[in-house]
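# Close look at the chain arrangement
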Amino acid sequence: MRLQLTFACFFVLNMFAFAQTNYPEAEIANRQLKVKLYLPDAKNGYYRSTRFDWSGVISSLEYEGHQYFGPWREHDPLAHDAITGPVEAFSPIGYEEAEAGDSFLTLGVGMLRKPDEEPYQFYKTYEIVNPGKWKVEKKADRISFVQVLNSEEGYAYVYTKTVRIRPGKAELILEHSLKNTGEQPIETAVYNHNFFTIDGEPTGPNIVTKFPYSITAEGQGFGDLIAVKGDQLIYSRKLQKGENVYTPGIEGFSDDAEDYHINIENRKTGAGVKITSDQPLLKLVYWASVNTACPEPYTLVKAQPGETFQWTTTYAFYTFDPAPQEQGE
């Protein structure tokens, strides 16, 4: 076990070498969890691109000597996916209606300029014309991120994300509140990309994702690199650099919020996490590369002018006896 964890720590340290150490950050902790987060900053922030919500970017989460999040690719603050931790992305609002040169909205980022009539591309960095104003409030066990935005297009809101640790528990809670203070309705889908890097284990047979119900899935790498076995996703071998698996939709869940229930485990080191929410799943995507495995649950967010929409996601961390490893692994 010590040899396995030493190798995993070496891998994680090498991945952390991709990241600089001078980005604005903060830490929260209790006796079970130690969590480090990057703070939103338009000039010096770790993430300054336009795909993901700038708030609640977790660079490190440690539980019982296990590390759950960290850099999984070379870092560039303006790269669309050079980000860590359980990070969320909102579908753009008003993009199709906007003309070239006009603005559209991405919650957690701001009003962005539509450069041309091409369809929206999540991997593209758009010009930010109105980032709103961010306020961060920190306590020992929580950090609240508040973005206040007003726009000429009629979109206005107060978006609050609080990342907190449940007292006496190995649980991380993401609490969201969206208050629509504008003239335009706000309707979007938000998903959490997660970007798990549990103990630096390369994606392969030791990384298992499971659900409390039987599932089906089709897509890139399914049936070859990865297979559905009842209620689990199981890899046939380790992924190699440049390989990916992807499905646009895992099926099997109902519209009951209890089915928003995902476990992902590192069977080699005995570290796992359960993800739940108080909202039903809108959609469930799965993507992985050699360095990260990502169940991506979607939630529908709707708020008419004057309304507030709230939702909460909980991460419960745990350990278990690791599976026996074959010689040479």
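Check the entry above for the structure.
In this convention, every chain numbers its residues from 1, walking through the sequence in written order. In keeping with the predicted nature of the model, local features appear solely for residues at pLDDT of at least 70, side-chain atom pairs appear and are counted solely at 80 or more, and the whole-chain, interface and lining totals rest on all residues. Calculated side-chain values reflect all of the structure's heavy atoms, with hydrogen atoms and water omitted.

## Describing the overall build of the protein chain
Scanning the protein chain for helices and strands turns up one helix and 22 strands. Against the 2.2 N^0.38 benchmark of 20 Å for 329 residues, the protein chain shows a C-alpha radius of gyration of 20 Å, consistent with a compact globule. Taking the principal axes of the C-alpha coordinates as reference, the protein chain spans close to 65 × 40 × 35 Å. Between buried and exposed lies partly exposed: a residue is buried under 20% and exposed over 50% of the maximum accessible area for its type, with that area taken using a 1.4 Å probe on protein chains only. By residue count, 54% of the 329 residues in the protein chain fall in the buried class. Note on contacts: a residue pair is in contact if any heavy atoms of the two residues lie within 4.5 Å. Pairs at least 24 residues apart make up 65% of the contacts formed inside the protein chain by residues separated by at least 6 positions. Only the protein chains shown count as cover for residues, and all accessible areas are computed by the Shrake-Rupley method using a 1.4 Å probe. In the form shown here, the protein chain has an accessible surface area of approximately 14,800 Å², with 47% of it arising from carbon and sulfur atoms. By the counting rule applied here, Lys and Arg register as positive and Asp and Glu as negative, while His and the ends of each chain are not counted. A single reference atom marks each charge: NZ on Lys, CZ on Arg, CG on Asp, CD on Glu. Averaged over its 31 positive side-chain charges, the protein chain has a centre that lies 8 Å from the centre of its 44 negative ones. Only DSSP runs of H or I covering at least 4 residues are called helices, and only runs of E covering at least 2 are called strands; the numbering of each starts at the N terminus. This radius of gyration counts C-alpha atoms alone. The globule rule is 2.2 Å times how many residues there are, raised to the power 0.38.

## Here's the deal with the layout of surface pockets
What the largest pocket holds in volume is close to 530 Å³. Think of a 1 Å grid over just the protein atoms. A cavity is a set of points where a 1.4 Å probe fits yet cannot get out, a pocket is an open set with protein on both sides within 12 Å along at least five of seven lines, and lining residues have an atom within 4 Å of a point. As for the largest pocket, its lining consists of 21 residues, of which Arg 51, Phe 122, Tyr 191, His 193 and Glu 296 are closest to the centre. Elements represented by at least two residues in the lining of the largest pocket include exactly β5 (88-90), β20 (283-289) and β21 (292-303). No other element matches the four residues that β20 contributes to the lining of the largest pocket. Each residue is assigned to one class: nonpolar for Ala, Val, Leu, Ile, Met, Phe, Trp, Tyr, Cys and Pro, charged for Asp, Glu, Lys and Arg, and polar for all the others, Gly among them. Grouping the amino acids of the lining of the largest pocket by side-chain chemistry returns 12 nonpolar, five polar and four charged. Grid points are joined across faces, edges and corners, and a volume is the space filled by probe spheres set on the points.

## A look at the side chain of Ser 177
With respect to the helices and strands, Ser 177 occurs in strand β12 (residues 171-180). Every residue in contact with Ser 177, bar those within four places of it in the chain, is listed here: Val 158, Tyr 159, Thr 160, Thr 308, Phe 309 and Gln 310.

## Examining the side chain of Thr 84
The residue Thr 84 is located in the loop between β4 (66-67) and β5 in this model. For Thr 84, a relative accessible area of 1% translates into the label buried. In protein, a polar contact means a hydrogen-donor-capable atom and an acceptor-capable atom, both N or O and within 3.5 Å, with residues adjacent in sequence counting only if both atoms are side-chain atoms; elsewhere, any N or O pair within 3.5 Å suffices. There is a polar contact of 2.8 Å between the side chain of Thr 84 and the backbone oxygen of Ile 58. Ignoring any residue separated from it by four or fewer positions in sequence, one finds Thr 84 in contact with Tyr 38, Tyr 46, Val 57, Ile 58, Ser 59, Gly 70 and Pro 71.

## A closer look at the pattern of salt bridges
Close approach of charged atoms allows side chains of opposite charge to pair. Salt bridges, as used here, are contacts in which a Lys or Arg side-chain nitrogen is within 4 Å of a carboxyl oxygen on Asp or Glu. Here the structure, examined in full by the defined rule, presents 14 salt bridges. For Arg 164, the salt bridge identified is with Glu 175, shortest N-O distance 2.8 Å. Highlighted residues: Arg 164 in strand β11 (residues 156-165) and Glu 175 in strand β12, separated in sequence by 11 residues. Accessibility expressed as a relative area gives 14% for Arg 164, which makes it buried. A relative accessible area of 26% places Glu 175 in the partly exposed class.

## Remarks on the environment of Ser 151
Along the polypeptide, Ser 151 turns up in the loop between β10 (142-150) and β11. C-alpha of Ser 151 to C-alpha of Gly 110: the two residues are 41 residues apart in sequence and 9.3 Å apart in space. If we ignore the near neighbours within four places in the chain, the residues touching Ser 151 are Met 111 and Asn 130.

## Quick word on the packing of aromatic side chains
When the centres of two rings from Phe, Tyr and Trp lie within 6.5 Å, Trp using its six-membered ring, the rings pair. Their planes under 30 degrees apart give stacked, over 60 give edge-to-face, and anything left gives tilted. According to the stated counting rule, one finds 22 aromatic pairs in the structure shown. Judged by centre distance (5.2 Å) and plane angle (90 degrees), the ring pair of Tyr 23 and Tyr 46 falls under edge-to-face. Within this pair, whereas Tyr 23 is found in the loop between α1 (2-16) and β1 (25-29), its partner Tyr 46 is found in the loop between β2 (33-38) and β3 (57-63), the two being separated by 23 residues in sequence. Judged on exposure class, the residue Tyr 23 and its partner Tyr 46 are both buried. When the centroid spacing of 4.7 Å and the interplanar angle of 70 degrees are considered together, the rings of Tyr 68 and Phe 317 count as edge-to-face. In this pair, Tyr 68 is assigned in the loop between β4 and β5 and Phe 317 in strand β22 (residues 308-319), connecting sequence segments 249 residues apart. Each of the two residues, Tyr 68 as well as Phe 317, counts as buried. For a lysine, the NZ atom is tested; for an arginine, the CZ atom; a charge sits over a ring if that atom is within 6 Å of the ring centre and within 35 degrees of the ring normal. The lysine or arginine in question, Lys 114, covers the ring of Tyr 95, its NZ or CZ lying 4.6 Å from the ring centre. Above the face of the Tyr 298 ring, Lys 283 is positioned so that its terminal group lies 4.5 Å from the ring centre.

## Notes on unusual backbone geometry
The residue Asn 194 is not glycine, and still its phi comes out positive at about 70 degrees. Take Asn 194: it is sitting in the loop between β13 (186-192) and β14 (207-210). Given the relative accessible area of 0%, Asn 194 is considered buried. Even without being glycine, Phe 195 reaches a positive phi, approximately 50 degrees.

## Considerations on the sheet that holds strand β6 (residues 103-106)
Either a parallel or an antiparallel arrangement is found when strands of a sheet pair, and the pairing is made through backbone hydrogen bonds. Across the sheet, which stays open at both edges, the three strands sit in the order β6-β7-β8 with antiparallel pairing between neighbours. Either end of the sheet is taken by a strand with one partner, and the two such strands are β6 and β8 (128-130). The mean angle between the axes of side-by-side strands here comes to 45 degrees, regardless of whether they run parallel or antiparallel. A pair of strands counts as paired when DSSP detects no fewer than two bridges linking them. Angles here are taken between N-to-C directions and fall from 0 to 180 degrees, while the axes themselves are lines fitted to C-alpha atoms, restricted in helices to the stretch in contact.

## Here we look at the nonpolar core
With 47 residues, the main nonpolar core has Val 35, Leu 61, Tyr 68, Leu 172, Tyr 286 and Phe 317 as its most contacted residues. Apart from the residues within four sequence positions on either side, Leu 61 is in contact with Leu 33, Lys 34, Val 35, His 66, Gln 67, Tyr 68, Phe 69, Leu 172 and Phe 317. We define the nonpolar core as a collection of buried residues of types Ala, Val, Leu, Ile, Met, Phe, Trp, Tyr and Cys that are connected through side-chain atoms lying within 4.5 Å of one another.

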